[in-house]
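Summary of the model geometry
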Amino acid sequence: MGKKILIVDDDSEQIAFASTVLEENGYTSISATNGIEGMGKVESEKPDLILLDILMPEKSGITMFRELRANEETENIPVIIVTGISKGEQFEERMMRQDFNIPAPQGYIQKPMKPWILLKLVNGLLS
Amino acid sequence: MEFQDNKKILVIDDEKSIRTLLRISLTHKGFEVITAEDGGKGVEIFKREKPPIVITDIKMPGIDGLEVLKEIKKLDPDTRVIVITGHGDMESAIESLKLEASDFINKPVKDDALMVAIKRAQEILWMKQKLREYTENLELMVKEATEELRKSHDFQKNLIQSSIDSIIASKKDGTIIVFNQGAENLLGFKADEVIGKIQMEAIFPQGISEMIQESFSSQAYGGVSRLVNYESAVISKNDEEIPVRTSGTILFQNGDEIGAVYFFQDLREIKRLQKELIDNERLSAIGQTVAGMAHYIKNILNGLEGGIYMVNTGLKKDKQATLSKGWGMVQNNVARISDLVMNMLSYSKEREPELESCSPNRIAQEVFDLMEESAKKSKVKLIKDFDLSINACYLDPDGLHRCLLNLVTNAIDACRFDSNKEKDWSVVIKTRKKESGIRFDITDNGMGMTQEVQEKLFERFFTTKGSKGSGFGLLVTRKIIDEQGGNITFKSDPGKESTFSIHLPYRS
């Protein structure tokens, strides 16, 4: 059984895309479509890495990221932030980069996502 | 008396006694008397002293009185010369009068006769002087008046000539009589090509002259007989239509209309700046549009990349499920692009809606058929509630189709994104015939809209669908409905339901 990666994204196509890339390369993937569901999965599934979208309804990626970093059980789970080019996404990303109170995410990946970039990032973090 | 000024008298007589007599007598009367004992000396003294009055004896040795008279009249024709003649010597008297002596008196010289003659001489001198003064004054006055007139004329002429604005004046019959430098610059004609040769209406484009005449006779632009800041146009020599701000006034003389004067301000620069401003705004709007579009297209691209990757993987590894899911994603995103392009076209086109006779219910049915399947996938029940009494009428079928499709798609999404998963979601397409026209209601019982969302609803690129929304749909919908003379309204209860209504005028 490969390492378990949690994909949190409100876009079902993005989940299908990322999970195919990861599973074809020996990882196990699970998914959630918003921050609340995502935190539930973190607790129940104990993922090895989280691929986290920034803009989501209910609970945004940045809120979820802060919660992860604030809990000592989850603070060490590597997080890759999925970003886009909308103003909201850019704003959230900038906020995140400037927030020195919490450790930075382990990586960023931009949409449209290139499979090899995702794999390189994930392999680097989980090997 | 005013004529007492001429008090210097030269007395010429060879008889010493007469000289002495006259000197005493005249000096006593307040005259200044100079005497000479013969004609030659008399003329010499005259030259030096220039007395206005000379009294001379006729009969003198050497140069006689007549010679003296001639000589003095030659030197100064205005001098009054009184000649003293011998008793009964009428011949000399007449001769002297011919030579323009002012008077003659007989010997022996009587005091009162002398005084009458002198007084008369003084009067004539005074009158001549006054006449001369008057004439001189008159000349001066005329000269001054002329100068004043010329100055004021020059001033007006300069004022008109050097005005930056174009000033053109015409007679009542329309003949141009004033055409200043500004007008030359504006219209490209030289003044002498125009003055007296061209009618005022020739410099206006068709119809403008009539409109200006009309506004002269109305209150609309600054009152009757006046025109203030009226935006019109003039035609230049090379046939260019130049936008101008026109002011003018009818000219009256003694209550009769004699012509009109027009002031034109070139608006080309202002118009150019206005256009530049509009162009800049348009460019910036294009910039925003491109940025908004790029974002949405990137999201579609992400879906396509994912779909292609999954199709490849499915083919390579012979995984039917991955392949068909990937293919579905490709189809989905191609559909989104096609949707975007259709919306973009509708939005960008300054189009006249193509009205044709068709059944509003049939268009609603088409949208129903098209969306029923995808609604079912999202666990939404699509319901139709058509008013069958609606007959065929004139509307833009493609436009209406797009609008209903956009609204139904939104309604289904409102259900899909609803966090209350307990609900039985439904979307109702309702058509109704109203007195004012036809009404379409699209009602869903999905998530509803917050106040903030409702306020931003028709902003460009505003979307609540995250990466799945272009922020174009409602904008396009409203544009199409506006073009057909209809309107779109909505009401929403957050968490419960939303209804979007299209009202179209009925054209049978």
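The paragraphs below set out a description of the structure included in this document. On a predicted model such as this, the values are computed, not experimentally measured, just so you know. (Residues numbered from 1 in each chain as written. Chains lettered and ligands numbered in written order. Predicted model: local features only at pLDDT ≥ 70, side-chain atom pairs only at ≥ 80, totals over all residues.)

Re the overall build of chain A
The helix and strand inventory of chain A stands at 5 helices and 5 strands. Along chain A, helices and strands appear, N-terminal first, in the series β-α-β-α-β-α-β-α-β-α. Relative to its 127 residues, chain A shows a buried fraction of 40%. For chain A, contacts bridging at least 24 residues in sequence account for 71% of all contacts bridging at least 6. (Helix = DSSP H or I, 4+ residues; strand = E, 2+ residues; numbered from the N terminus. Buried ≥ 20, exposed ≤ 12 C-beta atoms within 10 Å, placed from the backbone. Contact = placed C-beta atoms within 7 Å.)

A short note on the sheet that holds strand β4 (residues 80-85) of chain B
Residues and elements named next belong to chain B. Reading across from one edge, β2-β1-β3-β4-β5 is the order of the 5 strands in this open sheet, with parallel pairing throughout. Across the chains shown, the open sheet's two edge strands, defined by having one partner strand only, are β2 (32-36) and β5 (103-106). Adjacent strand axes in the sheet meet at a mean angle of 20 degrees when their direction is disregarded. Where strand β1 (residues 8-12) and strand β3 (residues 53-57) come together, 4 bridges link them in parallel fashion. Across the sheet, Leu 10 pairs through a bridge with Val 54, a residue of β3. Along the sheet, helix α3 (residues 65-75) makes contact with β1, β3 and β4, crossing β3 at roughly 160 degrees. (Pairing = 2+ DSSP bridges. Axes fitted to C-alpha atoms, helices over the stretch in contact; angles between N-to-C directions.)

Focus on helix α1 (residues 12-24) of chain A
Residue and element names in this part refer to chain A. Here α1 spans 18 Å end to end across 13 residues, near enough to the 18 Å set by a 1.5 Å rise per residue. In terms of burial, α1 is largely enclosed, as 10 of its 13 residues are buried. Along α1, the residues that are buried comprise Glu 13, Gln 14, Ile 15, Ala 16, Phe 17, Ala 18, Ser 19, Thr 20, Val 21 and Leu 22. Gly 26 sits one or two positions beyond α1 and adopts a positive phi of about 90 degrees. (Expected span 1.5 Å × (residues − 1).)

Details of helix α14 (residues 473-483) of chain B
Residues and elements named next belong to chain B. Of the positions making up α14, those classed as buried are Gly 473, Leu 474, Leu 475, Val 476, Thr 477, Ile 480 and Ile 481. In this structure, the buried residues of α14 make contact with α10 (320-348), α12 (397-416), β16 (487-493) and β17 (497-505). Where α14 terminates, the next one or two residues include Gly 485, which has phi positive at roughly 80 degrees.

Let's talk about the sheet that holds strand β7 (residues 176-179) of chain B
Residue and element names in this part refer to chain B. With antiparallel pairing, the 5 strands of this open sheet are ordered in space as β7-β6-β10-β9-β8. A single partner strand is all that each edge strand has here, and the edge strands are β7 and β8 (226-235). Averaged over all pairs of adjacent strands, the angle between their axes in this sheet comes to 25 degrees, without regard to strand direction. As paired strands, strand β6 (residues 166-171) and β7 are joined by 3 bridges and run antiparallel to one another. Within β7, the residue paired with Ile 168 across the bridge is Phe 179.

Here's the deal with the interface of chain B and chain A
Taken together, the contact between chain B and chain A spans 18 residues of the former and 19 residues of the latter. Put simply, the parts of the chain that give the side of chain B that touches chain A at least two residues each are α9 (268-316) and α10 of chain B. Among the elements that make up the side of chain B that touches chain A, the one with the highest residue count is α9 of chain B (11 residues). Classifying every residue of the side of chain B that touches chain A by side-chain character gives 5 nonpolar, 10 polar and 3 charged. (Nonpolar A, V, L, I, M, F, W, Y, C, P; charged D, E, K, R; others polar.)

Details of the environment of Leu 474 of chain B
All names here are of chain B. Take Leu 474: it is sitting in helix α14. Through-space distance from the C-alpha of Leu 474 to that of Arg 460 is 8.9 Å; in sequence the pair is 14 residues apart. Once residues within four sequence positions are removed from consideration, Leu 474 is found in contact with Asn 406, Leu 457 and Phe 458.

Some remarks on unusual backbone geometry
Omega for the bond connecting Lys 111 of chain A with Pro 112 of chain A falls within 30 degrees of zero, at -5 degrees, which places this linkage in the cis form. The linkage connecting Lys 107 of chain B with the following residue, Pro 108 of chain B, adopts the cis geometry, with an omega of -10 degrees. On the secondary structure map, Pro 108 of chain B appears in the loop between β5 and α5 (111-162). A positive phi is found at Glu 100 of chain B, a non-glycine position, where the angle reads about 65 degrees. Assessed through the 14 C-beta atoms surrounding it within 10 Å, Glu 100 of chain B is described here as partly exposed. Positive phi, normally seen in glycine, also occurs at Asn 254 of chain B, with a value near 50 degrees.

Some details on the pairing of strand β15 (residues 437-444) of chain B
All names here are of chain B. By the bridge criterion, 8 bridges tie strand β14 (residues 425-434) to β15 in an arrangement that is antiparallel. Residue pairing in the sheet places Lys 430 in a bridge with Asp 441 of β15. Connecting the antiparallel pair β14 and β15 is a turn made up of 2 residues. Relative to β17, β15 runs antiparallel, the two being bridged by 8 bridges. Within β17, the residue paired with Asp 444 across the bridge is Ser 498.

Topic: the packing of α1 of chain A against helix α5 (residues 115-126) of chain A
Residue and element names in this part refer to chain A. Contact pair α1 / α5: the axes reach a minimum separation of 10 Å and the direction vectors enclose 60 degrees. In terms of orientation, α1 lies oblique with respect to α5. Considering how the two elements wind past one another, α1 and α5 form a crossing that is right-handed. Residues Ala 18, Val 21 and Leu 22 of α1 lie in contact with α5, whose contacting residues are Pro 115, Leu 118, Leu 119 and Val 122. Residue composition of the contact of α1 with α5, grouped by class: 7 nonpolar, no polar and no charged. (Parallel < 35°, antiparallel > 145°, perpendicular 65-115°, else oblique. Left-handed = near helix turned anticlockwise from the far one by under 90°.)

Describing the environment of Lys 59 of chain A
All names here are of chain A. Considering the arrangement of structural elements, one finds Lys 59 in the loop between β3 (49-53) and α3 (61-70). The spatial distance from the C-alpha of Lys 59 to the C-alpha of Thr 33 is 9.8 Å, given a sequence separation of 26 residues. Those residues in contact with Lys 59 that sit more than four places away from it in its chain are Asn 34, Gly 35, Ile 36 and Met 64.

Comments concerning the pairing of β5 of chain B
Residues and elements named next belong to chain B. By the bridge criterion, 4 bridges tie β4 to β5 in an arrangement that is parallel. The residue of β5 that forms the bridge with Val 83 is Phe 104. Assessed by its sense of winding, the connection that carries the chain from β4 through helix α4 (residues 90-98) to β5 is right-handed. (Right-handed = clockwise from strand over helix to strand, strands pointing away.)

Note that all results are geometric; they support no functional claim without further evidence.
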